[in-house]
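# Observations on chain architecture
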Amino acid sequence: MTRRWGVLAVAALGAALLAGGPGGCTVNPATGEKVFTGGISGPQEQAEGRRLHPQVLRQFGPALENPALQRYVDSVGQLLARTAERRDLQYTFTVVDTDIVNAFAVPGGYIYITRGLLALFDSEAELAAVLGHELGHITALHYARGRGQAILAQLGVLAAGILAGQAAPGSGAERIVGELGGKAAFAYLRSFSRENEYESDDLGIRYLARAGYDTGAVARMLGKLRAHGRLEAALAGRSPDRIDRFDYTATHPAPLARIRRAAANAARTKPRDPMVAREIYLGKIDGMVYGGSRRQGFARGRDFIHPELRFRFSVPRRFIVHNMPQAVVANSRDGGRIIFRLQPRGASRSAAGFLRARWGSRFSIARIDEFTVNTMPAASTRFAARGRGGIVDIAVLAAGARGGKVYELVLVFPRKPGSRLEEAYRTVRRSLREMTAAEAATHRPRRIRVIRARRGDTQESLARRMAVERRRLERFRVLNGLGPGNRIAAGRSVKIVAE
């Protein structure tokens, strides 16, 4: 959770890119096919990308404050860009400071990869595989597909919609989640089709081959995304096998089918003496922050701690905390959800006034209770909303924060026997507090450390060194691209998570 929580105005992009006129068929430079672009020229496209670039960084997270790593990623991207068909664009490659696993592209040559995705890779070839895939989206004019419809970004294999995924469309719960950043932040990511993803995989392999990289890195990269997705599903209490099921309504191909297709294509496109650059890459990410950073805050088990903004709170057992740019969200297996944001107080002078102004005009609020939470003036209210899945009960807690801000906690629970809304409310109310500067300084982010395996080391022994709370062995395997039967040779570089 960063200091910025704005929602990107995607509709403006569509209007701008479609303003070029009713004509505008052009030849796809990567495939030779004719596509409808709405009359958009390269300079118009690049100007729109420049305008959107700061909005993207506000929405998804700031650029990583690591100039050496930024230069390294940009150098790999620029090498690939010189092999691509579109030479009318000036390409920009940016590492985004978030632990979300993602890469995406904005029309105009702007390509983004997250710190969370970099942590999964083991070589420069795998980094190049992702950047080549995103180059494919730009060179193949995918933003222009669908009668000139603008495409802002694409989410990889893991398009999950953490914030809005469990709320029924059109329900009161969905409106609340969307209000807090989920719906607007993820809806536009649906625009890419399965065919576009396959085409970008193919083009990525083409660019890797031209640059001299190991083309098999595309399948390895996709395999690591799949392994990460399976682990995330298991952590959330869902079946890991669900991500391999084909869905005709999905925008991305089923992962296993996509991996097999990429492997077969790469086998036909092998450069001589292909580059992998494993040790170079691992040296570049050694020491990189893993999980949340000081300026974003981070989860430690059931606790969320923000050292820079100096606050913390806890969630009940059975909840998993996700730190998003717009909000902190905790989900439970039974459908309960806790959403936290730091909001501007606005014209209201009290926590009760804030609740009344923010929620009273849209929901029927019978009463607002006022009290203190760990010396902070606070207020809370309760109401209900109806969705397709039935009625949800909602509790909202607001507490005064420093600098004219308000801590806002929204709890959304399906109405059913055994609801844990009251338990969750008591937990967050008791635990929400501000930290002193001295206490905040004791909390530091975790980092990726690259170590050499010693004789006798096993996956199990190395996993015990991982500074994570749950599923250490599985996390170690995903972080290092290992299967259960893989042995680790003495002297091999491996990644662990360290305090």
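Residues numbered from 1 in each chain as written. Predicted model: local features only at pLDDT ≥ 70, side-chain atom pairs only at ≥ 80, totals over all residues. Heavy atoms only, no water.

### Description of the sheet that holds strand 10 (residues 319-323)
The 7 strands lie next to each other as 10-11-12-16-15-14-13, forming an open sheet whose pairing is antiparallel. A strand with exactly one partner marks an edge of an open sheet, and here the two such strands are strand 10 and strand 13 (368-373). Within the sheet, the average angular offset between the axes of one strand and its neighbour, ignoring direction, is 20°. Each of strand 12 (337-344), strand 13, strand 14 (376-387), strand 15 (390-400) and strand 16 (405-414) touches helix 13 (residues 351-359); the most contacted strand, strand 14, lies at about 25° to it. (Pairing = 2+ DSSP bridges. Helix = DSSP H or I, 4+ residues; strand = E, 2+ residues; numbered from the N terminus. Axes fitted to C-alpha atoms, helices over the stretch in contact; angles between N-to-C directions. Contact = heavy atoms within 4.5 Å.)

### Notes on the nonpolar core
Most often, soluble globular proteins keep nonpolar side chains buried together rather than apart. Counting residues in each nonpolar core, the largest one holds 69 residues, and the members touching the most others are Leu-80 and Ile-113. Apart from the residues within four sequence positions on either side, Leu-80 is in contact with Ala-128, Leu-131, Gly-132, Leu-135, Tyr-207, Leu-208, Ala-211 and Tyr-213. By size, the runner-up hydrophobic cluster in this structure holds 29 residues, among which are Phe-311, Ala-395, Ala-399 and Tyr-425. (Core = buried A, V, L, I, M, F, W, Y, C linked by side-chain atoms within 4.5 Å. Buried < 20%, exposed > 50% of the residue type's maximum accessible area, 1.4 Å probe, protein only.)

### Here's the deal with the environment of Val-106
Among the secondary structure elements, Val-106 is positioned in strand 4 (residues 103-106). A relative accessible area of 0% places Val-106 in the buried class. Counting along the chain gives 50 residues from Val-106 to Val-56, while the straight-line C-alpha distance between them is 8.7 Å.

### Overview of the packing of helix 3 (residues 67-81) against helix 5 (residues 124-139)
Their axes nearest at 9 Å, the elements helix 3 and helix 5 cross at an angle of 55°. Taken together, helix 3 and helix 5 sit at an angle that is classed as oblique. Note that helix 3 runs across helix 5; the crossing there is right-handed. Contact with helix 3, carried on its side by Tyr-72, Val-73, Val-76, Gly-77, Leu-80 and Ala-81, involves Glu-124, Leu-127, Ala-128, Leu-131, Gly-132 and Leu-135 of helix 5 and no other residues of that element. When its residues are assigned to classes, the contact of helix 3 with helix 5 shows 9 nonpolar, 2 polar and 1 charged. (Parallel < 35°, antiparallel > 145°, perpendicular 65-115°, else oblique. Left-handed = near helix turned anticlockwise from the far one by under 90°. Nonpolar A, V, L, I, M, F, W, Y, C, P; charged D, E, K, R; others polar.)

### What about the packing of aromatic side chains?
Within the structure shown, the criterion is met by 13 aromatic pairs. Plain terms: the ring middles of Phe-304 and Phe-313 are 5.9 Å apart, the flat faces sit at 40° to each other, and that makes the pair tilted. Both rings, one in Trp-359 and one in Phe-383, keep their centres 5.8 Å apart while their planes meet at 40°; by these two values the pair is tilted. You can see Trp-359 sitting in helix 13 and its partner Phe-383 sitting in strand 14, a full 24 residues away along the chain. Taking the relative accessible area as the measure of exposure, Trp-359 reaches 0% and is therefore buried. In this structure Phe-383 comes out as buried when scored by relative accessible area, which is 7%. Over the ring of Tyr-425 we find Arg-382; its NZ or CZ atom is 4.6 Å from the centre of that ring. Here the basic side chain of Arg-429 rests over the ring of Phe-371, its NZ or CZ set 3.7 Å away from the ring centre. (Phe/Tyr/Trp six-rings, centres within 6.5 Å; stacked < 30°, edge-to-face > 60°. Lys NZ or Arg CZ within 6 Å of the ring centre and 35° of its normal.)

### A short note on the pairing of strand 9 (residues 311-314)
Alternating positions in strand 9 separate into two faces, Phe-311 and Phe-313 on one and Arg-312 and Ser-314 on the other, with burial throughout. Relative to strand 9, strand 8 (residues 303-306) runs antiparallel, the two being bridged by 4 bridges. When the bridges of strand 9 are listed, Ile-305 appears paired with Arg-312. Between strand 8 and strand 9, which pair antiparallel in sequence order, lie 4 residues; one of them, Arg-310, sits at a positive phi of approximately 60°. Here strand 9 pairs with strand 17 (residues 433-434) via 2 bridges, running antiparallel.

### Examining the pattern of salt bridges
Applying the stated criterion to the full structure yields 32 salt bridges. As a salt-bridge pair, Arg-295 and Glu-65 come within 3.1 Å of each other at their nearest N and O atoms. In this pair, Arg-295 is assigned in the loop between strand 6 (289-290) and strand 7 (298-300) and Glu-65 in the loop between helix 2 (42-60) and helix 3, connecting sequence segments 230 residues apart. Glu-65 sits in the exposed class, given a relative accessible area of 66%. Where Lys-495 meets Asp-122, a salt bridge forms, and the shortest distance between an N and an O atom there is 3.5 Å. Of this pair, Lys-495 sits in strand 19 (residues 493-498) while Asp-122 sits in the loop between helix 4 (115-120) and helix 5, and the two are 373 residues apart along the sequence. Using a relative accessible area of 0% as the deciding quantity, one classes Lys-495 as buried. (Salt bridge = Lys/Arg side-chain N within 4 Å of Asp/Glu carboxyl O.)

Shape is all these values report; function is a separate question.
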